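Descriptive structure summary
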Amino acid sequence: MYKEIPLEEALAILLNYTKPIGFDEVDIIDALGRVLYENVVAGFPLPPFDRSPLDGYAVMAEDTFTASKETPVLLKVSQNIFAGNMPSKPLIYGEAAAVATGAPLPAGTNAVIKIEDTQLVGDQVLIFSPLRPGDNYINKGDDVLEGEKILAKGMTITPAVIGLLASMGKKRVKVFKKPKVAVLTIGDELVGIDEPRLPGKIYNSNVYAISAQIAEAGGRAVPYRNTVDDRNHIAFLINDCLKENDMVITTGGVSVGKRDYVKESIQISGANTLFWKVNIKPGTPIVCGENNGRLIIGLSGNPAAAMITFYMLIRPVLQSISGTRQVALPDVTATMEESFNKKSKQRRMLRAKVCWKNGGYYAVPCGTQSPGALKSMLHCNALIDIPGGSGPLNIGEKVKAILLSPNYVS
Ligand SMILES: Nc1nc2c(c(=O)[nH]1)N[C@H]1C(S)=C(S)[C@@H](COP(=O)(O)OP(=O)(O)OC[C@H]3O[C@@H](n4cnc5c(N)ncnc54)[C@H](O)[C@@H]3O)O[C@H]1N2
Ligand code: MOO
């Protein structure tokens, strides 16, 4: 006999099985969205030399103190330095060096004047405005110091991280290995999207939606062809999947129907059952087993229920295995903009659209809340976490809204 357990307890059980599984070394161009497995210390400063931020003239500011439009200062142009070239000699009083944006500055320079405030006359230049030491001068190490720890293990790789790695001359980077997750969809009624859909049959959408959620959570989905309701065959497939993958997710066949075999198949496969049923609606009959530290998680076949329990229970597990530091989804207090008329005997995750307006978050339930209604997930960017035993929600009521992704809130 299994006891329905709270969501937090189920998550705590699963998080015991989230040891990272090593690292991959990838080209930085392929590293976007991955999680850094190494600390990165700057081997040299950025910029690596004192440089000009402007096209203009490198000068000694002291030479320009008296310069004005009416009484310009005349300096000899001693050299031309383009970006990528080194100065041929140091600067001395009375001289200027023509410099391009990004060019290294010659020793002796302490300021740069932009070309618009000068006029070239033969091999001399008229300076029309005064400079202070340090004006338009970028010091070596202005951005990054040599020996500075610029990137830390556990950071998600963003375009800026990739840029920094490249500016350090790093072509390859160590990233947490993505867990390989097998997706096994179960049900006599299922057909693949490349097969004819005979009467009574439905297309297998879970394999696609769940695989996409796995990718979004930092895993590598390994979709299997849907399988029929056969307890021994499901047990065989679970074991087969475990040979090649770090985790198995199944959908369908977890409730109390005559052909709901997943609980039994987990046992036949030799795995230990960790729990069956979590106090959350939709998705209550979720079942979880473990074999040699690898999880087998059986989700409801109902497409919306499966997606919601994935967000609440599997996403944090995959993120944790793939090295991401922030595991919990953020939640905000939102005001109900429409009512929700049902009572919630069990804890309920209500699909909703949350938006920010007039200085606060507002929530509108997303249409039908039936566990099989997939379209209601379309505009859903949040789940309203309604405690068990709650009455209907009224307009204006404050609720806890779990944001599925901050990027989804408009
Ligand atoms: N007598 C009871 N019946 C049910 C109970 C209960 O407590 N007593 N629990 C209900 C709850 S809650 C849920 S949730 C569902 C869970 O059902 P199963 O996980 O066993 O899923 P199935 O029956 O296999 O399928 C449910 C539904 O989803 C469709 N489905 C299944 N797989 C897919 C797929 N890959 N792609 C798209 N759609 C899929 C399936 O055809 C069914 O319509 O049980 C309740 N019943
Ligand atoms: O738990 Mo289920 O409410 O039908 O998805």
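Residues numbered from 1 in each chain as written. Chains lettered and ligands numbered in written order. Predicted model: local features only at pLDDT ≥ 70, side-chain atom pairs only at ≥ 80, totals over all residues.

1. Notes on the pairing of strand S23 (residues 398-403)
Where strand S19 (residues 331-336) and S23 come together, 5 bridges link them in antiparallel fashion. Bridging across to S23, Asp-331 finds its partner in Ile-402. Both strand S22 (residues 382-386) and S23 contribute to a ladder of 3 bridges, which runs antiparallel. Counterpart to Ala-382 in the pairing with S23 is Leu-403. (Pairing = 2+ DSSP bridges. Helix = DSSP H or I, 4+ residues; strand = E, 2+ residues; numbered from the N terminus.)

2. Some thoughts on the UniProt feature "domain: MoaB/Mog" (unreviewed entry) in the chain
Mapped onto the present numbering, the UniProt feature "domain: MoaB/Mog" (unreviewed entry) falls on residues 182-320. Secondary structure over residues 182-320 splits into 36% helix and 24% strand, and the C-alpha atoms at its two ends are 17 Å apart. (UniProt positions renumbered as here; feature names shortened; annotations may be inferred.)

3. Brief notes about the environment of Ala-12
On the secondary structure map, Ala-12 appears in helix H1 (residues 7-15). Measuring from C-alpha to C-alpha, the distance between Ala-12 and Ala-215 comes to 22 Å, with 203 residues separating the pair along the chain.

4. Regarding the sheet that holds S19
Across a sheet, paired strands are connected by hydrogen bonds in the backbone, their directions being either parallel or antiparallel. Strand order in the closed barrel made by the 5 strands is S19-S21-S20-S22-S23, with mixed pairing throughout. Each strand axis lies, on average, 50 degrees off the axis of its neighbour in the sheet, ignoring direction. (Axes fitted to C-alpha atoms, helices over the stretch in contact; angles between N-to-C directions.)

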